[in-house]
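Here's the letter readout for the chains.
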Amino acid sequence: MSDMSWPLYEVFVRPRRGLNHVHVGSLHAADDRMALLAARDLYTRRNEGVSLWVVRSSDITASTPDEKDPFFEPAGDKVYRHPTFYDIPEDVPHI
Amino acid sequence: MVQQEQSALEERFDAVVAAEQRIEPRDWMPDAYRATLIRQIAQHAHSEIIGMQPEGNWLTRAPSLRRKAILLAKAQDEAGHGLYLYAAAETLGVDRAELTEKLISGRQKYSSIFNYPTLSFADVGVIGWLVDGAAICNQVPLCRCSYGPYARAMVRVCKEESFHQRQGYELLMTLMRGTEGQRRMVQDAVDRWWWPSLMMFGPPDGDSPNTAQSMVWRIKRHTNDELRQRFVDMTLPQAEHLGVTLPDPALRWNEERGSWDFGEPDWSELQQVIKGNGPCNTQRIDRRRAAHEDGAWVREAAVAYAAKQEERNV
């Protein structure tokens, strides 16, 4: 009975105040509320988090591995975006 | 042309694996790599789920509230481990419901260790110490498995397994400080679980045809016999400290190898248990099937409730 199957959710945990939510895994749940409760029981049994996000996997838009190289290419040749691109004499302080 | 593309993909896959990088779900991978992982991760997940049963047997008869709370937490962890692993398997394109179906119809296996009965409360301690100890030996190298989602699931599992092993050992230490009868209970449990624990590492290297390929793919890092030896070497001092005897007359320290020599497990017994003829095979699968079928109305009700809520929100 495939129409009885529960949708997949991705789970994100904020480990402590001051840190970003990080993806920790996924789970199946019938609805958002159940996903949140299941995420608590599954991914924070030992105080691993202070905040949880759950989002339906089907609602995530992702880049595809096939276009990996062209997709990220715009950043590839812009070395001048990095501080180490610039030569500053060693005796100039605090820079 | 297609051939060329295929070999380019294969080359890239091999290079990523050889460079100790991780393969991620949507990367190209050889069909056999995918099939091997699905089989292994599903079997691993099934083992965690079935593994709740032998110890669950003692939940209502734990001797104190403290032991009961610990045992409940442990069983809950095993359920969690099963779910992490099913989620990892699903990233390879299979469906959890389909894997459950394969388990209860006998088309996929779980670890043969869970087909042995738990006859006394000392078994709970010995399972934590030996069975989870052996599982840790198997699982720690899997944290570096080439498939990202499996490796990450194993990191979580390993963190939690340490609690399982320590609670078991502590339980046994407590019994060993008790009465003569309690010490006999521990020794009896050790006698029954020692050989099945050694069999958890699988058949000897000569009879393990998939090992070589799995090592090339960096799914496996060590052979069955290497891991078995590591487990024996780790366990001997623990047994000594506990004051129990391991039921193997061939156990002796080998100065030259810097390792313990030990006897050969009865591989025909392992074959029998894998074939379904262990003491509890039928009982374990029947229980799993009943839980699945008896829970069907709950799954359906949850879907109906979700649909109703959605309608209301429109």
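Everything below is about the structure shown above.
This report concerns the structure included in the present document. Predicted, not measured: the structure shown is a model, and the values here were computed from it.

**A few points about the interface of chain A and chain B**
Many descriptions give the size of an interface as the accessible area lost when the pieces come together.
At step 1: Taken together, the contact between chain A and chain B spans 21 residues of the former and 21 residues of the latter.
At step 2: Counting the surface lost from both chain A and chain B, the interface buries some 1,800 Å², and carbon and sulfur atoms represent 53% of this.
At step 3: Applying the counting criterion to the chain A and chain B interface returns four salt bridges.
At step 4: Of the charged contacts in the structure, one is a salt bridge between Asp77 of chain B and Arg46 of chain A, with a shortest N-O distance of 2.4 Å.
At step 5: Counting across the interface, chain A meets chain B through 10 residue pairs in polar contact (both at pLDDT 80 or more).
At step 6: Breaking the side of chain A that touches chain B down by element, the ones donating at least two residues are β2 (22-28) and α1 (32-43) of chain A.
At step 7: Classifying every residue of the side of chain A that touches chain B by side-chain character gives 11 nonpolar, four polar and six charged.

**Here we look at the pattern of salt bridges**
At step 1: As enumerated under the stated definition, the model contains 21 salt bridges over all chains in all.
At step 2: Put simply, Glu24 of chain B and Arg152 of chain B hold a salt bridge, and the shortest N to O gap is 3.0 Å. Here Arg152 of chain B lies in helix α7 (residues 148-176) and Glu24 of chain B lies in the loop between α1 (2-18) and α2 (31-50), a separation of 128 residues in the sequence.
At step 3: A relative accessible area of 46% places Arg152 of chain B in the partly exposed class.
At step 4: Linked through salt bridges whose partners overlap, the residues forming this network are Arg45 and Arg46 of chain A together with Asp77 and Glu160 of chain B.

**Remarks on a nonpolar patch on the surface**
All names here are of chain A.
At step 1: Among the surface-exposed residues, Val79, Tyr80, Phe85, Tyr86, Ile88, Val92 and Ile95 lie close enough to one another that they form a single nonpolar patch of about 710 Å² accessible area.
At step 2: Looking at where Ile95 falls in the secondary structure, it is placed in the segment after α2 (68-76).
At step 3: A residue is classified by how much of its surface remains accessible, and Ile95, at 75% relative accessible area, is exposed.

**Focus on the packing of aromatic side chains**
Aromatic ring pairs are defined here through the distance separating the ring centres and the angle between the ring planes.
At step 1: Counted according to the given criterion, the structure contains 14 aromatic pairs over all chains.
At step 2: Centroid distance Phe12 of chain A to Trp53 of chain A: 6.3 Å. Interplanar angle 55 degrees. Geometry classified as tilted. Here the residue Phe12 of chain A occupies a position in strand β1 (residues 8-14), and Trp53 of chain A occupies one in strand β3 (residues 51-56), the gap between them amounting to 41 residues.
At step 3: On the basis of relative accessible area, Phe12 of chain A is assigned to the buried category, the value being 18%.
At step 4: In this structure Trp53 of chain A comes out as partly exposed when scored by relative accessible area, which is 48%.
At step 5: Seen in terms of ring centroids, Trp253 of chain B and Trp260 of chain B are 5.6 Å apart; in terms of plane orientation they differ by 70 degrees. Their pairing is edge-to-face.
At step 6: Each residue in the set Phe13, Trp28, Tyr33 and Trp217 of chain B is aromatic and connected to the rest through ring pairs, giving one cluster.
At step 7: Seen from the ring of Trp58 of chain B, Arg61 of chain B lies directly overhead, with NZ or CZ sitting 4.5 Å from the centre.
At step 8: Just above the ring of Tyr84 of chain B sits the side chain of Arg156 of chain B; from NZ or CZ to the centre is 5.2 Å.

**Some thoughts on the sheet that holds β3 of chain A**
All names here are of chain A.
At step 1: Pairing is antiparallel in the open sheet, where three strands are placed in the order β2-β1-β3. Two strands in the sheet have a free side with no partner beyond their single neighbour: β2 and β3. Neighbour-to-neighbour, the strand axes of this sheet turn through a mean angle of 30 degrees, independent of strand direction.
At step 2: Sheet topology note: the β1/β3 ladder contains six bridges and is antiparallel.

Parameters and conventions
- Residues numbered from 1 in each chain as written.
- Chains lettered and ligands numbered in written order.
- Predicted model: local features only at pLDDT ≥ 70, side-chain atom pairs only at ≥ 80, totals over all residues.
- Heavy atoms only, no water.
- Contact = heavy atoms within 4.5 Å.
- Buried area = accessible area lost by both parts, 1.4 Å probe.
- Salt bridge = Lys/Arg side-chain N within 4 Å of Asp/Glu carboxyl O.
- Polar contact = N/O pair within 3.5 Å; in protein donor to acceptor, adjacent residues only side chain to side chain.
- Helix = DSSP H or I, 4+ residues; strand = E, 2+ residues; numbered from the N terminus.
- Nonpolar A, V, L, I, M, F, W, Y, C, P; charged D, E, K, R; others polar.
- Buried < 20%, exposed > 50% of the residue type's maximum accessible area, 1.4 Å probe, protein only.
- Patch = residues over 30% accessible without salt bridge, like charges linked within 9 Å, V, L, I, M, F, W, Y side chains within 5 Å.
- Areas by Shrake-Rupley, 256 points an atom, 1.4 Å probe, with all protein chains shown as cover.
- Phe/Tyr/Trp six-rings, centres within 6.5 Å; stacked < 30°, edge-to-face > 60°.
- Lys NZ or Arg CZ within 6 Å of the ring centre and 35° of its normal.
- Pairing = 2+ DSSP bridges.
- Axes fitted to C-alpha atoms, helices over the stretch in contact; angles between N-to-C directions.

Interpretation note: all reported values are geometric properties and have no functional meaning in isolation.
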